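Read off the chains here:
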Amino acid sequence: MAKVGVFFGTDTGNTRRIAKDITTALGSVIAAKPVNIRNAEVADLQAYDTLILGTPTYGEGQLPGLSTGNATTSWEEFLPKLAGQDFSGKKVAVYGLGNQKSYPTEFVDAMFFLYEQFKQCGATQIGAWDTEGYNFQSSWAVVDSRFVGLALDQENQKDLTPARLDAWLKMLAEAWD
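This write-up is about the structure you can find in this document. In this numbering scheme, every chain counts its residues from 1 along its sequence in written order. The model is predicted, so local features are restricted to residues of pLDDT at least 70 and side-chain atom pairs to those at 80 or more, both for listing and for counting; the totals for chains, interfaces and linings are taken over all residues. Side-chain calculation: all heavy atoms of the structure are included, whereas hydrogens and water are not.

Looking now at the layout of surface pockets. In this analysis the probe radius is 1.4 Å and the grid spacing 1 Å, with only protein atoms considered; a cavity is a set of points the probe fits into but cannot get out of, a pocket is an open set with protein on both sides within 12 Å along at least five of seven lines, and lining residues have an atom within 4 Å of a point. Grid points are joined across faces, edges and corners, and a volume is the space filled by probe spheres set on the points. If you add up the space inside the largest pocket, you get close to 300 Å³. Forming the boundary of the largest pocket are 18 residues, of which Asn 14, Pro 56, Thr 57, Leu 97 and Gly 98 lie nearest the centre. Tallied by class, the residues present in the lining of the largest pocket amount to six nonpolar, nine polar and three charged. Polar here means any residue outside two lists: the nonpolar Ala, Val, Leu, Ile, Met, Phe, Trp, Tyr, Cys and Pro, and the charged Asp, Glu, Lys and Arg; Gly therefore counts as polar.

Structure (structure tokens):
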């Protein structure tokens, strides 16, 4: 079994594409095939010691889900299933997609909800990312002056994504080495 579980929420497919890029970069020995969170159960996530979780941010800083107009369920409906679950001993890294020009006061906010929920479940958070190189006003995903995970803007900085993703995965590598 692979060492890293990769789970994502999406409606348009952008977050899924990044999940596929992650699993391609890590290879099948390290990373399992990415799974849309709408197709997952809590036990699926608990099967891994390390998780990489991806989410876009919708509207005014929301997780994807039925209330945001998604065609199917997503993180909004999944996170309540984690109440009372124990993820102690698990390492969790998050990545988030957002648009810093159109939503400068909600940039990648949804990452924070994943970070916070898994923190409450006892997981060790890894993968904090520098805010330098971004142009936004505020984000819930900034904790202690860093993003809680990798922030990606596929609308305005798509050209920076490959290098950012590569650097982030190299930083995370100690989690599964």
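It is worth spelling out the pattern of salt bridges at this point. Criterion for a salt bridge: a side-chain nitrogen of Lys or Arg within 4 Å of a carboxyl oxygen of Asp or Glu. The final tally for this structure, using the stated rule, is two salt bridges. Lys 90 is the partner of Asp 49 in a salt bridge, and the nearest nitrogen-oxygen pair spans 3.8 Å. Of the two residues, Asp 49 sits in the loop between helix H2 (42-46) and strand S3 (50-56) while Lys 90 sits in the loop between helix H3 (75-78) and strand S4 (91-97), which places them 41 residues apart along the sequence. Using a relative accessible area of 53% as the deciding quantity, one classes Asp 49 as exposed. Between Asp 166 and Lys 170 there is a salt bridge; the shortest N-O distance is 3.1 Å. Of the two residues, Asp 166 and Lys 170 both sit in helix H5 (residues 161-172), four residues apart, roughly one turn of that helix. Overall, the relative accessible area of 59% leaves Lys 170 in the exposed class. Strands here are runs of E lasting at least two residues and helices are runs of H or I lasting at least four, both read from the DSSP assignment and numbered beginning at the N terminus. Any residue under 20% of the maximum accessible area for its type is buried, any over 50% is exposed, and the rest in between are partly exposed; the area is computed with a 1.4 Å probe on protein chains only.

Quick look at the sheet that holds strand S8 (residues 146-147) now. Strand pairing in a sheet takes place through backbone hydrogen bonds and is either antiparallel or parallel in direction. In this description, strands pair whenever DSSP reports at least two bridges between them. A sheet is described by the order of its strands in space; here three strands give the open sequence S6-S8-S7, paired in antiparallel fashion. Either end of the sheet is taken by a strand with one partner, and the two such strands are strand S6 (129-130) and strand S7 (142-143). Relative to S8, S7 runs antiparallel, the two sharing two bridges. The residue of S8 that forms the bridge with Val 143 is Arg 146.

This paragraph deals with the environment of Phe 78. Structurally, Phe 78 can be placed in helix H3. Sequence-wise, Phe 78 and Val 42 are 36 residues apart; in three dimensions their C-alpha atoms are separated by 8.5 Å. Here Phe 78 is in contact with Ile 37, Ala 40, Glu 41, Val 42 and Leu 45, once residues within four sequence places are set aside. Note on contacts: a residue pair qualifies if any of its non-hydrogen atoms lie within 4.5 Å across the two residues.

Time to look at the side chain of Thr 15. Along the chain, Thr 15 falls in helix H1 (residues 14-26). The exposure class of Thr 15 is buried, given its relative accessible area of 1%.

Before going further, it helps to spend a moment on the pairing of S3. Side chains on a regular strand alternate between the two faces of the sheet. Of all seven residues in S3, seven are buried; the element is thus mostly enclosed. With burial as the criterion, each face of S3 is covered, one bearing Thr 50, Ile 52, Gly 54 and Pro 56 and the other bearing Leu 51, Leu 53 and Thr 55. Relative to S3, strand S1 (residues 4-8) runs parallel, the two sharing five bridges. Note on S3: the bridge partner recorded for Val 4 is Thr 50.

Aromatic rings in a pair are described by how distant their centres are and how their planes are angled relative to each other. The aromatic pairing rule takes the rings of Phe, Tyr and Trp, using the six-membered ring of Trp, and pairs them if the centres are within 6.5 Å, calling planes under 30 degrees apart stacked, those over 60 edge-to-face and the rest tilted. Inspection of every chain in the model, using the stated rule, returns twelve aromatic pairs. Relative to Trp 168, the ring of Tyr 95 lies with its centre 6.4 Å away and its plane at 70°, an arrangement referred to as edge-to-face. Taken together, the residues Tyr 95 in strand S4 and Trp 168 in helix H5 connect sequence positions 73 residues apart. This pair shows no difference in class: Tyr 95 is buried, exactly as Trp 168 is. Plain terms: the ring middles of Phe 112 and Phe 113 are 6.2 Å apart, the flat faces sit at 70° to each other, and that makes the pair edge-to-face. Members of the aromatic cluster, each reached through a chain of ring pairs, are Phe 107, Tyr 134, Phe 136 and Phe 147. Across the ring face of Tyr 134, the terminal group of Arg 164 is positioned such that the distance to the ring centre comes to 4.0 Å. Only lysine NZ and arginine CZ atoms are considered, and such an atom sits over a ring when it is within 6 Å of the ring centre and within 35 degrees of the ring normal.

This part covers the nonpolar core. In this structure, Ile 22, Leu 45, Ile 52, Leu 53, Tyr 95, Phe 118 and Trp 168 are the most contacted members of the largest nonpolar core, which totals 55 residues. Apart from residues lying up to four places away in sequence, Ile 22 is in contact with Val 6, Ile 52, Tyr 95, Leu 165, Trp 168 and Leu 169. By nonpolar core we mean a set of buried residues, namely Ala, Val, Leu, Ile, Met, Phe, Trp, Tyr and Cys, connected to one another through side-chain atoms within 4.5 Å.

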